[in-house]
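Residue-level structure breakdown
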Amino acid sequence: MNEKYSKIVLEEYENRFLYKKSKTNLNIEFNRIAFIFFVFSMISIIFSIQLLHLGSLKIENKVRVLIGKNNYRSDIVDRNGNYLAKSVSSIDVGINPVEVIDKKRLLVNLQLIFPNKNYSELKKKLNKKKFFYLEKKISIENYEKIMLLGDKSIKSEEKLTRIYPQKNLFSHIIGQIDDDNKGISGIEKSFNKELKTSAEPLSLTVDTDIQFLIRKELVKFQSIFRSKGSAAILMNVDNGEIISMVSYPDFDLNKRETLEDLDLLNRASKGVYELGSVFKIFTVAAGLEEGLIEVDTEFLNLEKKLKCGKSTIGEYNKKIPSNLTVEQILIRSGNIGSVRIGQKLGIDKLKSFLNKIGVLTIIDFDIEEVGEPIPFRWGKCKLATVSFGHGITATPLQLAKGYAIIANGGFDIRPSLIKKNLNLTQKKKRIIKEGISKKINTILRKIVTTKEGTAGLANIEGYEIGGKTGTAPKAIAGGYSNANVNTFVAVFPISKPKYVMVVLLDEPKTSGDYIYKYKNKKGSYKGTPYNTAGWTSVEVAGKIMEKIGPILATKYIEN
Amino acid sequence: MKKVALLIIFVLILVTSLVKNSTKEIEDKIFVLNESIRSLKVEFGDKMLEYNFLSSPDKLIQYQSQYFEKDLIRIDIMKIKELSERNDIIELNDFIKKIKDE
């Protein structure tokens, strides 16, 4: 019985074991192959990807080696790729007298390499124990010679030299850097981080040739009208790109001087001025926007003088008629008519319009040197003076922006000096009603072409220039001085405005010898009859247009 | 199945080593080219800087007054003409019309 039982158990066990073993074996074998296959596939894929990735990355890494260093700074170019600022490595060589072994031998050798050096002075320096620079920005030839001397007291130091091939031309735009490769003004300051980390040069919107021609005219007329300074801005009305921005006097960036002279202020973007009658366009545009006036709306029985508080508002030209349409108010630059339009608008509406076009607040710009309009309290008298551009301050850049918005169909823009900042694809945001631009542009053209207009000297044939003049006494503490700020804003070609140009002369004087050539009629006139924008800034703008017009018309016709 | 898996692994290893080998060769070539481009770029930058300085408007005006007797003349935009070819006929049009038509 016992024997039989044990036999059964053995059989059962054997059968179960065989069945299980065969099943498990199959599974393990298949899983192992799949697993190895999977691991190898993954390794191969990762390895291949890494190989391809490394192949593409290595080049960038090599460039980055340079970029991270403190003596790296990328170049700045104009819209045509011409260098405005370029970094060049230079070597300074100095001597540590403590480490000199044979002073006499070293002096003889140095005399052979640098025959023009003062050796009695050098001997004195060698006798002291203080490190001194022997030669800064040494030539490669002399560097090789001096290093071949093998004297361990000779120390070399690689330094970054920033070269500005256009010297003064873009001084206010580009700005300066300090000895630690840190931007301290202009683009060099506001784009300091980008310039230190980007492998590509920073491309600006400015054009060197146009900048040169505009600056040349400003320099010429600075001596004719003996002004304290001047500024000009040329801007594309559609996208806000600044083709030229000049402020004179300027400085040579290569000299790397500490600027203390207040006259070297960037008048184009930082100078804050009462700009006078150029503001009348804004008052009229606000009136048209609100539907309170039309171009042919008549203002009758306009007074010759208005009393407002302690001050009196009068016309600059006593021949201005008492009955004027809105169009005539602008053409003749009537102060009282503008006050009436302002009063019709009221404080809130005028303030809101000026705010909309960016005249009341600090402008968003690519350099930090921007002026802040002087804040003031609105009241009845302030409304009256602001209507014709007095008692309100702005920078020429803000003025250019305001005119660009009015001229381009009413679309908001942001003035820019950097090419990549231009929003060329972004949909334009309309901030002024359709149709207002056309009405204002027609009047701007008449200011230049009609006999009564104040800007006849800017009527250069072929460019369809429109514009508005502004003559304002310069504000000083507690009142106004006898000096003027004369401004002219030109928009052209008026049939489809593309550019706005602001020319500002800071404290110009009349010239007895300058000969004016009339544009609307034959003949010429010697001497400046009045110290107004019409006889100063307009003449400068006209001369600038004659010079830059052919370039703008031919070079940028396809843009 | 076993053979197929092993074969695929072997092929993958082979392909990977081939890719790596060829990539290394390309990498070496890229390195050599980059090094030669780098020095050329520096040289080009220096020449470009020299060119920009020598051909800057300021310098050109200086050369003009230094080497030429005649003064530069201003181009009158009204005198600029535009040549265009239409049906094998060359037409001469006023350039300024183009601005007005824009």
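Remember, it's a predicted structure, so these values are computed and weren't measured experimentally.

Attention now goes to the overall build of chain A. Counting its regular elements, chain A contains 16 helices and 18 strands. Relative to its 559 residues, chain A shows a buried fraction of 42%.

Let's shift gears to the overall build of chain B. The helix and strand inventory of chain B stands at three helices and two strands. Across chain B, helices and strands are ordered from the amino to the carboxyl terminus as α-α-β-β-α. A compact globule built from 102 residues would reach a C-alpha radius of gyration of about 13 Å, whereas chain B, at 31 Å, exceeds it by more than 25%. Counting only C-alpha atoms, chain B reaches 90 × 45 × 25 Å along its principal axes. In chain B, buried positions account for 5% of the 102 residues.

Moving on, we come to the domain arrangement of chain A. It is common to give the size of an interface as the accessible area that goes away when the parts come together. All names here are of chain A. Annotation of chain A at the domain level lists domain 1 (76-170) and domain 2 (210-251 + 266-555). Each of domain 1 and domain 2 was reduced to a C-alpha centroid, and the two centroids are 52 Å apart. Facing the four residues of domain 1 at the interface are six residues of domain 2. Across the side of domain 1 that touches domain 2, the residue classes tally to two nonpolar, one polar and one charged.

Residues and elements named next belong to chain A. As a packed pair, helix 11 (residues 335-345) and helix 13 (residues 380-387) sit with axes 7 Å apart at the nearest point and diverge in direction by 125°. Classified by the angle between their axes, helix 11 and helix 13 sit oblique to one another. Between helix 11 and helix 13 lies a crossing of right-handed hand. Note on element contacts: helix 13 touches helix 11 through L383, A384, V386 and S387, opposite S338, V339, I341, G342 and Q343. Of the residues contributing to the contact of helix 11 with helix 13, the split by class is five nonpolar, four polar and no charged.

Taken residue by residue, the interface counts 33 residues in chain B and 33 residues in chain A. Contributions of two or more residues to the side of chain B that touches chain A are made by helix 1 (2-54), helix 2 (57-67) and helix 3 (95-101) of chain B. The leading source of residues in the side of chain B that touches chain A is helix 1 of chain B, at 19 residues.

What follows deals with the confidence of the model for chain A. Parts of the model with low pLDDT should not have their predicted coordinates read in detail. A residue-level look at chain A finds 90% of positions with pLDDT of 70 or above and a mean pLDDT of 87. Low pLDDT, under 50, characterises residues 59-65 of chain A; the predicted model gives this stretch four contacts beyond four residues in sequence or across chains.

Take the nonpolar core next. Residue and element names in this part refer to chain A. Ranked by size, the top nonpolar core spans 119 residues in total, and within it A232, I233, A458 and V500 carry the most contacts. Built from parts of two domains, this core gets at least three residues from each of domain 1 (76-170) and domain 2 (210-251 + 266-555). If near-sequence neighbours (up to four positions away) are discounted, A458 is found in contact with V448, I465, G467, F488, A490, V538, A541, G542 and M545.

With an omega dihedral of 5°, the bond running from Y248 of chain A to P249 of chain A counts as a cis peptide bond. Note on placement: P249 of chain A falls in the loop between strand 7 (242-248) and strand 8 (273-274). Omega for the peptide link from F492 of chain A to P493 of chain A comes to -20°, which places this bond in the cis form. By the secondary structure assignment, P493 of chain A is in the loop between strand 15 (479-492) and strand 16 (499-506). For D88 of chain B, which is not glycine, the phi dihedral falls at a positive 65°. Relative to the helices and strands, D88 of chain B is located in the loop between strand 1 (81-86) and strand 2 (89-94).

We now examine the pairing of strand 1 of chain B. Residue and element names in this part refer to chain B. With zero of six residues buried, strand 1 lies mostly on the surface of the structure. Looking at chain direction, strand 1 and strand 2 are connected through six bridges and run antiparallel. Directly across from E82, in strand 2, lies its bridge partner N93. Counted between consecutive antiparallel strands, the loop separating strand 1 from strand 2 contains two residues, among which N87 sits at a positive phi close to 50°.

Looking at chain B as a whole, its pLDDT mean stands at 85, while 94% of the residues score no less than 70. Here helix 3 of chain B stands out as the least confident element of chain B, with mean pLDDT 61; helix 2 of chain B is the most confident, with 90.

Residue and element names in this part refer to chain A. Taking 1.5 Å per residue as the helical rise, helix 15 (residues 436-449) with its 14 residues ought to reach 20 Å, and the 20 Å between its terminal C-alpha atoms agrees with that figure. Of all the positions in helix 15, only S437, I440, N441, I443, L444, R445, I447 and V448 are classed as buried. Those residues of helix 15 hidden inside the fold are in contact with helix 9 (280-289), helix 10 (326-331), helix 14 (396-407), strand 14 (466-476) and strand 15.

Residue and element names in this part refer to chain B. Structurally, I37 is set in helix 1. By C-beta crowding, I37 is classed as partly exposed, having 13 other C-beta atoms within 10 Å. With 21 residues separating them along the chain, I37 and D58 place their C-alpha atoms 32 Å apart.

Residue and element names in this part refer to chain A. For G358, the location among the structural elements is in the loop between helix 12 (347-356) and helix 13. By the C-beta count within 10 Å, which is 21 here, G358 ends up buried. Setting aside residues up to four positions removed in sequence, G358 forms contacts with I363, Q398, K401 and G402.

It is worth spelling out the sheet that holds strand 15 of chain A at this point. The strands that make up a sheet are held in pairs by hydrogen bonds between backbone atoms, and each pair lies either parallel or antiparallel. All names here are of chain A. If you walk across this open sheet you meet the five strands as 7-6-16-15-14, and the pairing is antiparallel. The outermost strands of the open sheet, each flanked by one partner alone, are strand 7 and strand 14. In this sheet, neighbouring strand axes are inclined to one another by 10° on average, regardless of whether the strands run parallel or antiparallel. Where strand 14 meets strand 15, 10 bridges bridge the pair, whose relative direction is antiparallel. Bridge pairing links A475 to Y480 in strand 15. Sheet contacts for helix 8 (residues 208-225): strand 6 (229-236), strand 7 and strand 16; angle to strand 7, the most-contacted strand, approximately 30°. Here helix 16 (residues 537-555) sits on the sheet in contact with strand 6, strand 14, strand 15 and strand 16, set at roughly 145° to strand 16.

Right, let's get into helix 9 of chain A. Residues and elements named next belong to chain A. Extensive coverage of helix 9 is indicated by the burial of 10 of its 10 residues. Looking only at helix 9, the buried set comprises K280, I281, F282, T283, V284, A285, A286, G287, L288 and E289. Just beyond helix 9, the residue with positive phi is G291, at close to 75°.

With that out of the way, let us pick up the environment of L83 of chain B. Residue and element names in this part refer to chain B. With respect to the helices, strands and loops of the structure, L83 is situated in strand 1. Residues L83 and I9, spaced 74 residues apart in sequence, show a C-alpha to C-alpha distance of 69 Å. Each residue touching L83, except ones within four places of it in the same chain, is listed here: I90 and L92.

Conventions adopted
- Residues numbered from 1 in each chain as written.
- Chains lettered and ligands numbered in written order.
- Predicted model: local features only at pLDDT ≥ 70, side-chain atom pairs only at ≥ 80, totals over all residues.
- Helix = DSSP H or I, 4+ residues; strand = E, 2+ residues; numbered from the N terminus.
- Buried ≥ 20, exposed ≤ 12 C-beta atoms within 10 Å, placed from the backbone.
- Rg over C-alpha atoms; globule rule 2.2 N^0.38 Å.
- Domains from an automatic or database assignment.
- Contact = placed C-beta atoms within 7 Å.
- Nonpolar A, V, L, I, M, F, W, Y, C, P; charged D, E, K, R; others polar.
- Axes fitted to C-alpha atoms, helices over the stretch in contact; angles between N-to-C directions.
- Parallel < 35°, antiparallel > 145°, perpendicular 65-115°, else oblique.
- Left-handed = near helix turned anticlockwise from the far one by under 90°.
- pLDDT = per-residue confidence, 0-100.
- Core = buried A, V, L, I, M, F, W, Y, C linked by C-beta atoms within 7 Å.
- Pairing = 2+ DSSP bridges.
- Expected span 1.5 Å × (residues − 1).

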